Amino acid sequence: MTQDEMKEEVAKSALTYVVEGSIVGVGTGSTANKFIDALATIKDTIKGTVASSEATAERLRGHGIPVFELNDALTQVKKLSVYIDGADEFDPQKNLTKGGGGALTREKIVAAGSEKFICIVDESKQVEFLGAFPLPIEVIPMAEALVMSIANNLGGNAQVRDGFTTDNGNIIIDVTGLTIKDARKLEDDLNEVPGVVTNGIFSHQGADIVLMATPNGVVTID
């Protein structure tokens, strides 16, 4: 089974967690796109979706799936029933690194506005400690040098993502070379730096359930 086929299988398995008649939060990235394609097969059973990026909203609308702004959705429901998204890596505590596609801030907001976060990945995303994948930090441009310096002082190697601007008009700084043994603390410490919008550690908004595709089928980690 190829990696692409595994992504398709795990995306289809996530449909089990879609609540009929509800508004569903939808993530960003290649695996999330597979979920959107799968969601299109049952689109008439849900009220609509909230997208974590402009690219996701465009793909949802292309399938004829209604897209709400989160503010509008939360006037109708206390929380979204579920948020379904991929991850760049996950550890045994279901902490995640996200933001390879640059949508980390909106992803974290939609995850926080949802009752449950179902993370869909293939087995290549499983790690002992976060840090194998570059840690993205969304930063207000004025704070670029400040955040670069602080990230480098943590022992990482910080680089601005070349030619990329987030949907919020900010830059992304990617930090390599970290071994993240206390994901919650590092998430909090980075978020306290002036100019940081948020970082790609999802510990407060970690996964409730990880669905992991393997060549032998989908494994549920809860």
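Further up the page is the structure itself.
Quantities reported herein were computed from a predicted structural model and do not represent experimental measurements.

1. A look at the overall build of the chain
Inference 1: Helix and strand content of the chain: 7 helices and 14 strands.
Inference 2: Whereas a compact globule of 222 residues would reach a radius of gyration of roughly 17 Å, the chain reaches 17 Å, a difference of no more than 12%.
Inference 3: With the C-alpha coordinates aligned to their principal axes, the bounding extent of the chain is approximately 50 × 40 × 30 Å.
Inference 4: For the chain, the proportion of its 222 residues judged to be buried stands at 50%.
Inference 5: Across the chain, contacts joining residues at least 24 apart in sequence account for 71% of those joining residues at least 6 apart.
Inference 6: Counting every atom, the chain has about 10,100 Å² of accessible surface; 47% of that belongs to carbon and sulfur.
Inference 7: Separation between the mean location of the 19 positive side-chain charges and that of the 32 negative ones in the chain comes to 3 Å.

2. Section: the packing of helix α1 (residues 3-13) against helix α2 (residues 30-39)
Inference 1: Running from amino to carboxyl end, α1 crosses α2 at an angle of 50°, the nearest separation of the two axes being 8 Å. Classed by the angle they form, the pair α1 and α2 counts as oblique. The crossing of α1 and α2 is right-handed. The residues of α2 that touch α1, namely those facing D4, K7, E8, V10, A11 and K12, are S30, T31, K34, F35 and A38.

3. Considering the side chain of K7
Inference 1: By the secondary structure assignment, K7 is in helix α1.
Inference 2: Within the buried core, K7 has no salt-bridge partner, and the shortest N-O distance to an opposite charge, that of D122, equals 5.0 Å.
Inference 3: Ignoring sequence-local partners within four residues, the contact set of K7 consists of S30, T31, K34 and D122.

4. Section: the pairing of strand β1 (residues 23-26)
Inference 1: The side-chain alternation of β1 yields two buried faces, one formed by I23 and G25 and the other by V24 and V26.
Inference 2: With 4 bridges connecting them, β1 and strand β2 (residues 48-51) associate as parallel partners. Residue I23 lies in a different strand from β2, and its bridge partner there is G48.
Inference 3: Remark: the β1/α2/β2 crossover connection has right-handed handedness.
Inference 4: Sheet analysis places β1 next to strand β4 (residues 82-85), joined by 3 bridges and oriented parallel. The partner of G25 across the bridge, within β4, is Y83.

5. A look at the side chain of T198
Inference 1: Mapping T198 onto the fold places it in strand β11 (residues 196-199).
Inference 2: Under the relative-accessibility criterion, T198 is labelled buried at 7%.
Inference 3: Setting aside anything within four residues of it in sequence, one finds T198 in contact with L104, T105, K108, I137, E138 and N191.

6. Side note on the sheet that holds strand β14 (residues 217-221)
Inference 1: Here we have 7 strands laid out as an open sheet, ordered β3-β2-β1-β4-β7-β13-β14, and mixed in their pairing. The open sheet has two edge strands with one neighbour each: β3 (67-68) and β14.
Inference 2: Contacting β1, β2, β4 and β7 (117-122), helix α5 (residues 104-112) crosses the sheet at an angle of about 150° to β4.

Cut-offs applied
- Per chain, residues are indexed from 1 in the order of the written sequence.
- Given that this is a predicted model, residues contribute local features only at a pLDDT of at least 70 and side-chain atom pairs are listed and counted only at 80 or more, while totals for whole chains, interfaces and linings are drawn from all residues.
- Values shown for side chains rest on all heavy atoms present in the structure; no hydrogens or waters enter the calculation.
- By definition, any uninterrupted DSSP run of H or I lasting at least four residues is a helix, any uninterrupted run of E lasting at least two residues is a strand, and each is numbered from the N terminus.
- Radius of gyration here is computed from C-alpha atoms only, and the compact-globule reference equals 2.2 Å multiplied by the residue count raised to the power 0.38.
- Working definition: with a 1.4 Å probe on protein chains only, accessible area under 20% of the residue-type maximum means buried, over 50% means exposed, and in between means partly exposed.
- Contacts between residues were defined by any pair of non-hydrogen atoms, one from each residue, lying within 4.5 Å.
- Only the protein chains shown count as cover for residues, and all accessible areas are computed by the Shrake-Rupley method using a 1.4 Å probe.
- All tallies of charge rest on Lys and Arg as positive and Asp and Glu as negative; His and the ends of each chain are not included.
- Note on charges: their place is set at NZ of Lys, CZ of Arg, CG of Asp or CD of Glu.
- The axes are straight lines fitted to the C-alpha atoms, using for helices just the contacting stretch, and the angles between their N-to-C directions are given from 0 to 180°.
- Should an angle fall under 35 degrees it is taken as roughly parallel, and over 145 as roughly antiparallel, whereas 65 to 115 is taken as roughly perpendicular and any remaining angle as oblique.
- For any pair of crossing helices, the crossing counts as left-handed if the nearer helix is rotated counterclockwise from the farther one by less than a right angle, and right-handed if it is rotated clockwise.
- Only one rule defines a salt bridge in this text: a Lys or Arg side-chain nitrogen within 4 Å of an Asp or Glu carboxyl oxygen.
- Pairing between strands requires that DSSP locate at least two bridges from one strand to the other.
- Handedness of a crossover is defined as follows: with both strands directed away from the viewer, a clockwise route from the first strand across the helix to the second makes it right-handed.

The analysis is restricted to geometry; functional conclusions fall outside its scope.
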